[in-house]
Every structure is written in C-alpha cells, then in structure tokens.
Amino acid sequence: MAPKTERIQFLRAVRQLHRIRSFYVAGALLWAASTAWTGWQAPGSRQMWVSALLLAVFTGLLVTASLSLRRLAVPVTGRPAHHAASHRTTTTRHAHA
C-alpha cells in the first residue's frame, strides 16, 4: 500500500511545483517590468535597486523550481499509466479440441 501512496504524493508534489513555477514566472515578469520602468524613470534610485533585488529573488526561485521539476520528471514510457488504461475487456480465444 505504501508505494501507491508514495506515487500519489509524488504526483501532487509535481503538480504543486508546476503551479508555483507559474507563480514565479509571473513574479519575475512583474519585477522585470518594474525594474525596467523604475530604471528608466529614476536610474540608480532605491526603488530601482529594490525592484532589481526582488527580480533576482523571483528568478532564483524560478530556476530552483524548474530544476526540481526536471529532477523529478516522470520518464515517458509510451504506454498509458494504470489509471488511464482502457477498461475494455480483452477477448481470449480458447481452443476446444
């Protein structure tokens, strides 16, 4: 029973990493735009450096989440997972002699 539970927890962790990676992408884009705008309006100001720092933080988090997802990548075997397998019954041929 433990391997099935571990597999479910693994899949939940992968889904959570996908969601958080999307959040980090949005944060990095927001802070990149903010840094560019503030750098254009007031180059060298404290606000620009804070934006640049937050951009670096979100970029680092994005890289970490992406590397974790790559490390946890599920190998593609070319066959459907057990839960996605069809429920059709297979017919067997019996030889009656």
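Residues numbered from 1 in each chain as written. Predicted model: local features only at pLDDT ≥ 70, side-chain atom pairs only at ≥ 80, totals over all residues. Heavy atoms only, no water.

Enquirer: Would you mind showing me how to read the overall build of the protein chain here?
Expert: Each helix and strand counted, the protein chain has two helices and zero strands in total. For the protein chain, the proportion of its 97 residues judged to be buried stands at 15%. The long-range share in the protein chain, meaning contacts at least 24 apart out of those at least 6 apart in sequence, stands at 65%. A total of about 8400 Å² of accessible surface is found on the protein chain, and carbon and sulfur atoms cover 64% of it. (Helix = DSSP H or I, 4+ residues; strand = E, 2+ residues; numbered from the N terminus. Buried < 20%, exposed > 50% of the residue type's maximum accessible area, 1.4 Å probe, protein only. Contact = heavy atoms within 4.5 Å. Areas by Shrake-Rupley, 256 points an atom, 1.4 Å probe, with all protein chains shown as cover.)

Enquirer: Quick question: what am I supposed to make of the environment of valine 50 here?
Expert: By secondary structure assignment, the location of valine 50 is in helix H2 (residues 46-71). For the pair formed by valine 50 and tryptophan 31, sequence separation is 19 residues and the distance between their alpha carbons is 9.5 Å.

Enquirer: Quick question: what am I supposed to make of the nonpolar core here?
Expert: With eight residues, the main nonpolar core is built from Val14, Leu17, Tyr24, Ala28, Phe58, Leu62, Ala65 and Leu69. Elements represented by at least two residues in this core include exactly helix H1 (2-41) and H2. Once you skip the residues sitting within four places of it in the chain, alanine 65 turns out to touch Leu17, Arg21 and Tyr24. (Core = buried A, V, L, I, M, F, W, Y, C linked by side-chain atoms within 4.5 Å.)

Enquirer: Quick question: what am I supposed to make of the side chain of serine 45 here?
Expert: Structurally, serine 45 can be placed in the loop between H1 and H2. Looking at serine 45, its side chain comes within polar contact range of the main-chain oxygen of alanine 42, at 3.0 Å. (Polar contact = N/O pair within 3.5 Å; in protein donor to acceptor, adjacent residues only side chain to side chain.)

Enquirer: For this particular structure, what's the right way to read the packing of aromatic side chains?
Expert: Here the distance between the centres and the angle between the planes together describe a pair of aromatic rings. Taken as a whole, this structure holds four aromatic pairs when the rule is applied. With a centroid separation of 6.0 Å and an interplanar angle of 55 degrees, the aromatic rings of phenylalanine 23 and tyrosine 24 are classed as tilted. For tyrosine 24, a relative accessible area of 16% corresponds to the buried category. Put simply, the rings of Phe23, Tyr24 and Phe58 touch in pairs and so form one group of aromatic residues. (Phe/Tyr/Trp six-rings, centres within 6.5 Å; stacked < 30°, edge-to-face > 60°.)

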